[in-house]
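Structural overview for review
Given next are the chains, with one letter for each unit.
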Amino acid sequence: MANTSIILRVELDHAKVTFGDVAAAISKSGGDITSIDVIRPGKDSSVRDITVEVVDTEEDNVVESLRKQDGINLINVSDRTFLVHLGGKIKIQPTLPIKNRDDLSRVYTPGVAKVCTAIHENPEKAYSLTIKRNTVAVVSDGTAVLGLGDVGPYAAAPVMEGKAMLFKQLAGVDAFPICLDTRDTEEIIRTIKAMSPIFGGINLEDISSPRCFEIERRLSEELEIPVFHDDQHGTAVVVIAGLLNALKVVNKRIENIRVVVNGIGAAGVSICKMLLSAGVTKLVPVDREGAIVRGGTYEHEMWQWLADQPQVEATGGTLKEVIKGADVFIGVSRGNLLNGEDIRGMGPDPIVFAMANPVPEVSPEEALPHARVYATGRSDFPNQINNVLVFPGLFRGALDCRARCINEPMKLAAARAIASVVTGGELNELYIIPSIFNDQVVIEVRKAVVQTAILTGVARRIPKDFR
Ligand SMILES: NC(=O)C1=CN([C@@H]2O[C@H](COP(=O)(O)OP(=O)(O)OC[C@H]3O[C@@H](n4cnc5c(N)ncnc54)[C@H](O)[C@@H]3O)[C@@H](O)[C@H]2O)C=CC1
Ligand SMILES: CC(=O)C(=O)O
Ligand SMILES: [Mg+2]
């Protein structure tokens, strides 16, 4: 269950209630008071802001318990999550002030004209004389936002702003959220290409499958800057990182495990591909209609590709059937599909990565009694397997070496780098993946990405610390 934090502004009529009554009502209805601020003291009445931690589902009970109590006037309820979104989460700041006409004539006309001419004569100079070298576009059409689905470009913006914040805070990359009001594949490709001159990289986000595959493929072919669909590859990289470490905990080898992947969309396809590259020999991809089987015929190009792979099992079934005896479950589908019994029926020491956001495929309450290793995409449980461990360091590296693209070896190197941040002594069931606040993650991912880009010939610049 997820907790939320609400601030209740209440006015107390001292003739009728005491603060003790308020605290008791909050506690009885499931809330936990974390702070109290007196806004207006008074003899007959007073106003206070009470911050309360509450399980999401109990929020209404807490509010209701105060509303119905005589002597309490509930003036306002603010959700702290909404409060941090007021006015958006990022802004643009100039790198230097314009203090006088002299400054003005340098940063703007007439001075700027000679810089324009220099770039016109040598477009490579865009990297040294504009924001290009450190700027990434985070582009979505709002069609597969988290596990919420097709909520549209306006509703996608808070996630894209969040990604932009993470890019900046974790890796110093300036990322700009762009939410497109079109679902047309060709129009999306055309728009991103048209706006690409100012960007050093394109991070595609929350674009539904199968359109996301074509959009990424075409843009990668047609642009000279890295194009990376985060939900596909960022997720696959972090899954492989977590799996490499989880397998050490349960003492199993990747060649021997049977893996069920549920939700063969953007994330699922890339995870399956990367699992195969990493050596998995028994793979069961599952979508709404059940398992995708070897030898089957599918309209979906990527599902057909999977059905043609020798490592994919030929026996079909529903998720609840095929998960029996599996060593690993990876969910990138939607919440609450499995229960404790399903996890109990897996093989010995099961590994469960329930990564649907915001609600995992199986809750910790159901999974933990039976799973040896349990991870989710969320930040409020241990073992957060989320692509946020990947995209900041990966783009930091790609921008620093001006990589032409982000290739498979770079992704695998990033996965190994993330896994390596958890040392042998630290590794355990509750710690298979480093926290995003571990500052080694971005450093190690960047290093691995730059080294591999140089080795595979896609780097167009050698950063100083690699010379
Ligand atoms: N933790 C993390 O870092 C990440 C988590 N995710 C989560 O994974 C989920 C999928 O994301 P995307 O691949 O981007 O979306 P997508 O829309 O491309 O793919 C979702 C797939 O799940 C399938 N699906 C839906 N309900 C299903 C069910 N009951 N059983 C089996 N399959 C089902 C759909 O048919 C589709 O193929 C979302 O909940 C998202 O939040 C995605 C990317 C990163
Ligand atoms: C984490 C992420 O990118 C998603 O859930 O879509
Ligand atoms: Mg996403």
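Residues numbered from 1 in each chain as written. Chains lettered and ligands numbered in written order. Predicted model: local features only at pLDDT ≥ 70, side-chain atom pairs only at ≥ 80, totals over all residues. Heavy atoms only, no water.

Looking at an unreviewed UniProt entry, one finds the protein chain named Malate oxidoreductase, with Paenibacillus cookii as its source organism. Under the heading Sequence similarities (unreviewed entry), UniProt records this for the protein chain: "Belongs to the malic enzymes family." (UniProt positions renumbered as here; feature names shortened; annotations may be inferred.)

1. Points about a positive patch on the surface
Together, Arg-133, Arg-461, Lys-464 and Arg-467 line one region of the surface with positive charge. By relative accessible area, which is 64% here, Arg-467 ends up exposed. (Patch = residues over 30% accessible without salt bridge, like charges linked within 9 Å, V, L, I, M, F, W, Y side chains within 5 Å. Areas by Shrake-Rupley, 256 points an atom, 1.4 Å probe, with all protein chains shown as cover. Salt bridge = Lys/Arg side-chain N within 4 Å of Asp/Glu carboxyl O. Lys, Arg positive; Asp, Glu negative; His and termini not counted. Charge placed at Lys NZ, Arg CZ, Asp CG, Glu CD. Buried < 20%, exposed > 50% of the residue type's maximum accessible area, 1.4 Å probe, protein only.)

2. Describing the UniProt feature "domain: Malic enzyme N-terminal" (unreviewed entry) in the protein chain
Mapped onto the present numbering, the UniProt feature "domain: Malic enzyme N-terminal" (unreviewed entry) falls on residues 87-220. Taken end to end, residues 87-220 comprises 46% helix and 12% strand; its first and last C-alpha atoms sit 34 Å apart. (Helix = DSSP H or I, 4+ residues; strand = E, 2+ residues; numbered from the N terminus.)

3. What about the coordination of the magnesium ion (ligand 3)?
As a benchmark, a tetrahedral metal site with four donors has ideal angles of 109.5 degrees, while an octahedral site with six donors has ideal angles of 90 or 180 degrees. For the magnesium ion (ligand 3), the full set of protein donor atoms is Glu-205 (OE), Asp-206 (OD) and Asp-231 (OD), at a range of 2.0 to 2.1 Å. Along the chain, the residues donating to the magnesium ion (ligand 3) fall in the pattern E-D-x24-D. On the criterion of sequence distance, the pair formed by Glu-205 in the loop between strand 7 (201-204) and helix 9 (211-222) and Asp-231 in helix 10 (residues 230-250) is long-range, its members being 26 residues apart. For the pair Glu-205 and Asp-231, one class covers both residues: buried. (Donors = N, O, S within 2.8 Å, 3.2 Å for Na, K, Ca; no water.)

4. Quick look at the site of ligand 1
Within the structure, ligand 1 sits among 25 residues, and Thr-235, Ala-266, Ala-267, Asp-287 and Asn-387 are positioned closest to it. Within the backbone of Leu-146, a nitrogen or oxygen atom sits 3.5 Å from an oxygen atom of ligand 1. Note that an oxygen atom of ligand 1 is positioned 3.1 Å from one of the backbone N or O atoms of Gly-147. For the shell around ligand 1, the elements supplying multiple residues, two or more each, are helix 10 and helix 11 (266-278). Here the shell around ligand 1 is built from residues that sort into 10 nonpolar, 11 polar and 4 charged. Each of two domains, domain 2 (101-225) and domain 3 (232-467), supplies a minimum of three residues to the shell around ligand 1. (Near = heavy atom within 4 Å. Polar contact = N/O pair within 3.5 Å; in protein donor to acceptor, adjacent residues only side chain to side chain. Nonpolar A, V, L, I, M, F, W, Y, C, P; charged D, E, K, R; others polar. Domains from an automatic or database assignment.)

5. So, the sheet that holds strand 1 (residues 3-13)
Strand order across the open sheet formed by 4 strands is 2-3-1-4, with antiparallel pairing between neighbours. A strand with exactly one partner marks an edge of an open sheet, and here the two such strands are strand 2 (32-40) and strand 4 (72-79). Each adjacent strand pair in this sheet contributes to an overall mean axis angle of 20°, direction not counted. In this structure, strand 1 lies alongside strand 4, joined through 7 bridges in antiparallel fashion. In the sheet register, Leu-8 faces strand 4, and the bridge partner there is Val-77. In the packing of helix 1 (residues 19-28) onto the sheet, contacts are made with strand 1, strand 2, strand 3 (45-55) and strand 4, and the angle to strand 3 comes to roughly 20°. The sheet strands contacting helix 2 (residues 59-67) are strand 1, strand 3 and strand 4, and the helix crosses strand 1 at an angle near 5°. (Pairing = 2+ DSSP bridges. Axes fitted to C-alpha atoms, helices over the stretch in contact; angles between N-to-C directions. Contact = heavy atoms within 4.5 Å.)

6. Digging into the nonpolar core
With 105 residues, the main nonpolar core has Ile-192, Ile-202, Val-261, Leu-275, Leu-283 and Phe-353 as its most contacted residues. Residue assignment places this core across two domains, with domain 2 (101-225) and domain 3 (232-467) each supplying three or more. Ignoring any residue separated from it by four or fewer positions in sequence, one finds Leu-283 in contact with Val-259, Val-261, Cys-272, Leu-275, Leu-276, Leu-306, Gln-311, Val-312 and Glu-313. Formed by 19 residues, the second largest nonpolar core is a distinct cluster that contains Val-260, Val-284, Ala-354 and Tyr-374. (Core = buried A, V, L, I, M, F, W, Y, C linked by side-chain atoms within 4.5 Å.)

7. Considerations on the UniProt feature "domain: Malic enzyme NAD-binding" (unreviewed entry) in the protein chain
Here the UniProt feature "domain: Malic enzyme NAD-binding" (unreviewed entry) sits at residues 232-454. Note that residues 232-454 is 41% helix and 11% strand, and that its end C-alpha atoms are spaced 23 Å apart.

8. Considerations on a nonpolar patch on the surface
A cluster of nonpolar side chains, contributed by Leu-96, Ile-98, Leu-104, Val-107 and Tyr-108, occupies part of the molecular surface with about 470 Å² of accessible area. Tracing the sequence through the fold places Val-107 in helix 4 (residues 101-107). What makes Val-107 partly exposed here is its relative accessible area of 36%.

9. Section: the domain arrangement of the protein chain
Domains assigned within the protein chain are domain 1 (3-85), domain 2 (101-225) and domain 3 (232-467). Taking the mean C-alpha position of each, domain 1 and domain 3 sit 42 Å from one another.

10. Quick look at the site of ligand 2
Taken together, the neighbourhood of ligand 2 is formed by Leu-146, Lys-163, Glu-205, Asp-206, Asp-231, Asn-357, Asn-386 and Asn-387. In this structure, Asp-206 approaches ligand 2 through a side-chain N or O atom, which is 3.0 Å from an oxygen atom. Asn-387 places a side-chain nitrogen or oxygen 3.0 Å from an oxygen atom of ligand 2. Across the shell around ligand 2, the residue classes break down as 1 nonpolar, 3 polar and 4 charged. Three or more residues apiece are contributed to the shell around ligand 2 by two domains, here domain 2 (101-225) and domain 3 (232-467).

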